[in-house]
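A look at the structure
If you want the building blocks of each chain, they are given just below.
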Amino acid sequence: ELLNACRKDGDLSDDAKCAWVLERIDEQSLMDYYIARAYGGDHDWANIRHIRSSEGDKKWRVVFFDLDWAFMPNSSARPFYDLLGERSNLRGHNNIIMRALLTNASFRARFLARIGHALSTTFSTETVLARIDAMEGEIEADMPYECARWHRSMESWRKQVETLRAFAADRADILAADAVATFDMTEEEVGRWFGNNHSANS
């Protein structure tokens, strides 16, 4: 019902129509899914699942899974555009709801604010690099055993960790620049939600 409504109309600029959709799906879950998917750069966009509990608010939520292709050196530099722009898989279920919701000015503003918040907290360069360092420290003592079991070397493992660090080093900037371009943000919007580090002409 929800997918069909968004697919049939595709225009939720009317606040009442937008509210009808958001009564049935968890807004924060949906936003966070697309932000995290864009940050990781995973290419398997059509692989999306939803879950709804029979308890609580009974809203649909996105299941975040299958990230085998995330944090790769060849990850897209235009993740929001690939996920939600004209190059997206418009025939699939991966973006129908989100594309419809983004036609609503209020939802769009909240989504951009959510991106800005994520890029300054969870997905800031400092936060992600610190998390990589912490995870490396947690498993380093066990890695010789893993390397021996799978016929790998500690050197190759360390190179993979450095690949993660290299990915994270400028990913927040890449994501912000792509959001500016994909959502045609104005200078005022960029300053409000992303600070003054990114130009609307990026």
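This report concerns the structure included in the present document. None of the values given here were measured: they were computed from a predicted structure.

1. Some points on the overall build of the chain
Broken down by element type, the chain carries ten helices and two strands. Reading the chain from its N terminus to its C terminus gives the helix and strand order α-α-α-β-β-α-α-α-α-α-α-α. Counting across all 202 residues of the chain, residues that qualify as buried make up 40%. By sequence separation, contacts in the chain at least 24 residues apart represent 65% of the contacts at least 6 residues apart. Accessible area for the chain stands at about 11,500 Å²; split by element, carbon and sulfur atoms hold 51% of it.

2. Notes on the layout of surface pockets
Its boundaries defined by the atoms lining it, the largest pocket holds a volume of some 650 Å³. Along the wall of the largest pocket there are 23 residues; nearest its centre are Ala70, Phe71, Ile132, Met135 and Leu164. Elements with a contribution of two residues or more to the lining of the largest pocket: α3 (27-40), α7 (125-139) and α9 (154-182). The leading source of residues in the lining of the largest pocket is α7, at seven residues.

3. As for the packing of helix α6 (residues 105-120) against helix α10 (residues 187-194)
The relative placement of two packed helices is expressed as an angle between their axes plus a distance between the axes. Where α6 contacts α10, the two axes come as close as 8 Å, and the packing angle between them is 50°. As the angle between them shows, α6 and α10 are arranged oblique. Each of Arg108, Ala109, Leu112, Ala113, Ile115 and Gly116 in α6 lies in contact with α10, whose residues at this interface are Glu189, Trp193 and Phe194. Its residues assigned to classes, the contact of α6 with α10 shows six nonpolar, one polar and two charged.

About the thresholds
- Residues numbered from 1 in each chain as written.
- Predicted model: local features only at pLDDT ≥ 70, side-chain atom pairs only at ≥ 80, totals over all residues.
- Heavy atoms only, no water.
- Helix = DSSP H or I, 4+ residues; strand = E, 2+ residues; numbered from the N terminus.
- Buried < 20%, exposed > 50% of the residue type's maximum accessible area, 1.4 Å probe, protein only.
- Contact = heavy atoms within 4.5 Å.
- Areas by Shrake-Rupley, 256 points an atom, 1.4 Å probe, with all protein chains shown as cover.
- 1 Å grid on protein atoms, 1.4 Å probe; cavity = no way out; pocket = protein on both sides within 12 Å on 5 of 7 lines; lining within 4 Å.
- Points joined across faces, edges and corners; volume = space filled by probe spheres on them.
- Axes fitted to C-alpha atoms, helices over the stretch in contact; angles between N-to-C directions.
- Parallel < 35°, antiparallel > 145°, perpendicular 65-115°, else oblique.
- Nonpolar A, V, L, I, M, F, W, Y, C, P; charged D, E, K, R; others polar.

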